[in-house]
Amino acid sequence: MKRILTALILTFAAVTLSAQESSVLVNVVCGPFVQNVTTTGFTVVWVSDNDAIGWVEVAPKDEQHFYYAERPKFYDMSGCGIKPVNKIHKVQVTGLEPGKTYRYRVMMKAVDHYYSQLDIVYGKEYGANTYTAALPEITTQKESYKEVRFAMVNDLHEKDSILRSLFSDEKRNKGFDFVFFNGDMTSTISDEAKIMNHVLIPASETFASYCPLYFTRGNHEFRGKDAIKILDYYAFPEGKPYYTFTYGDVFFLVMDSGEDKPDSDIEYQDAYCTEPYLLQEAEWMKGVVASDAWKKAKRRIVFSHIPPDTKNAWHGNYNMATIFLPILNAAGVDLMLCGHYHHYYSRKKGEHDAAFPVVINSNCERMEVSVTDSKISMEVYDADGKKVHTLSL
Ligand SMILES: [Fe+2]
Ligand SMILES: [Fe+2]
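Residues numbered from 1 in each chain as written. Chains lettered and ligands numbered in written order. Predicted model: local features only at pLDDT ≥ 70, side-chain atom pairs only at ≥ 80, totals over all residues.

Topic: the sheet that holds strand β12 (residues 243–247)
Now for step 1: Taking strand neighbours across the sheet as the criterion, the six strands line up as β12-β13-β14-β15-β17-β16 in an open arrangement whose pairing is mixed. Strands with a single pairing partner mark the edges of an open sheet, and in this sheet they are β12 and β16 (345–347). Within this sheet the neighbouring strands show an average axis-to-axis angle of 15 degrees, counted without direction.
Now for step 2: Bridge count between β16 and strand β17 (residues 358–360): three bridges; the pairing is antiparallel. Among the inter-strand pairings, Arg347 is bridged to a residue of β17, identified as Val358. (Pairing = 2+ DSSP bridges. Helix = DSSP H or I, 4+ residues; strand = E, 2+ residues; numbered from the N terminus. Axes fitted to C-alpha atoms, helices over the stretch in contact; angles between N-to-C directions.)

Overview of unusual backbone geometry
Now for step 1: The omega torsion of the bond from Gly31 to Pro32 falls at 5 degrees, within 30 degrees of zero and hence cis.
Now for step 2: Counting through the fold element by element, Pro32 comes out in strand β2 (residues 28–35).
Now for step 3: Despite not being glycine, Cys80 shows a phi value in the positive range, around 50 degrees.
Now for step 4: In this structure, Cys80 sits in the loop between β4 (73–75) and β5 (86–93).
Now for step 5: C-beta crowding within 10 Å serves as the criterion here: with 6 such atoms nearby, Cys80 is assigned to the exposed category.
Now for step 6: Residues other than glycine seldom take positive phi values, yet Asp353 does so here, at roughly 65 degrees. (Buried ≥ 20, exposed ≤ 12 C-beta atoms within 10 Å, placed from the backbone.)

Quick notes on the domain arrangement of the protein chain
Now for step 1: Each domain of the protein chain was delimited in the assignment, giving domain 1 (20–139) and domain 2 (148–392).
Now for step 2: Once you take the C-alpha centre of each, domain 1 and domain 2 turn out to be 29 Å apart.
Now for step 3: Opposite the 16 residues of domain 1 that make contact, domain 2 presents 16 residues.
Now for step 4: If you list the elements that add at least two residues to the side of domain 1 that touches domain 2, you get β2, β3 (42–60), β5 and β8 (137–139).
Now for step 5: It is β2 that contributes the most residues to the side of domain 1 that touches domain 2, six residues altogether.
Now for step 6: In terms of residue class, the side of domain 1 that touches domain 2 is made up of 10 nonpolar, four polar and two charged. (Domains from an automatic or database assignment. Contact = placed C-beta atoms within 7 Å. Nonpolar A, V, L, I, M, F, W, Y, C, P; charged D, E, K, R; others polar.)

Structure, rendered in structure tokens:
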């Protein structure tokens, strides 16, 4: 009797511990898009229609097929040792060589149920097509740059058709080291699907699968029930939506400029605490401008959705002018790029109390910026490809 009981227990344990499978499928519904390209890696982000474990496989761009060899697998490490089961996947690829082009393949395993680590029911696996479509490619940063080129758009306010028009020329897109979204790409995030449908899907289908995308919030990205979820869709290099990154000797500081009215305004219904948040950001900024990396940089460019203003200013401009300008004015900034006003403005150093030029892009045009040791130049194009402004600093 004892032997029979033991056999039954062992059989039960074997059944319980064997991998269970279901027919649940998983597919990509948004992305992939690439962020945080460095000299040794990059981050791939995508969204799936079902819960899944995601990973990325990477191969150098060479004459061999992707299936030539087993490729290294990179997992989402945000679970600190546990593979996250998610719909939003953020995978950091590491250990690459500078200035080299790599192919990458998004992979997933659907998870139907996850009762415990002993009782997971997996669904079907997904692998990006390598038979009839070319895999996306990304080039790591070079160790030095004679010229850094990027494009910036802002304030499209969910007009994804304009976004698609502005990045319809693949050859031109491939000439950018990165693209920057300078806020108000949405209007009110009542549903997180808006973040995908109006911004990230058009971005990934035009440029962002092969050209890195950086982002900051505009005041409108604070608005709506799902506004807080926008933070899940971007892999911020320092974990917060204010951050820095470099390309060679060019240092980029990305600000999060908050809302345009005081937190106590009746329109906000007690939903915000942006003012203490901006003060935290200011403390962080003091550390950035005191760092060796900032001091050694040959060029220093700041992105902020809301410009600093001291005349006819709203509260958001006032915050920029009073909290951040005292830090930035003493820090040797070469240029600040903004949005928010929906019209193009170019301000010389000294205007509105800023000790550096401030250039504000419109709500329907693509600003292209070239940065070298000797000059910073800008060209602005409309959605028909017509050049509408040029500026050289
Ligand atoms: Fe706007
Ligand atoms: Fe705005």
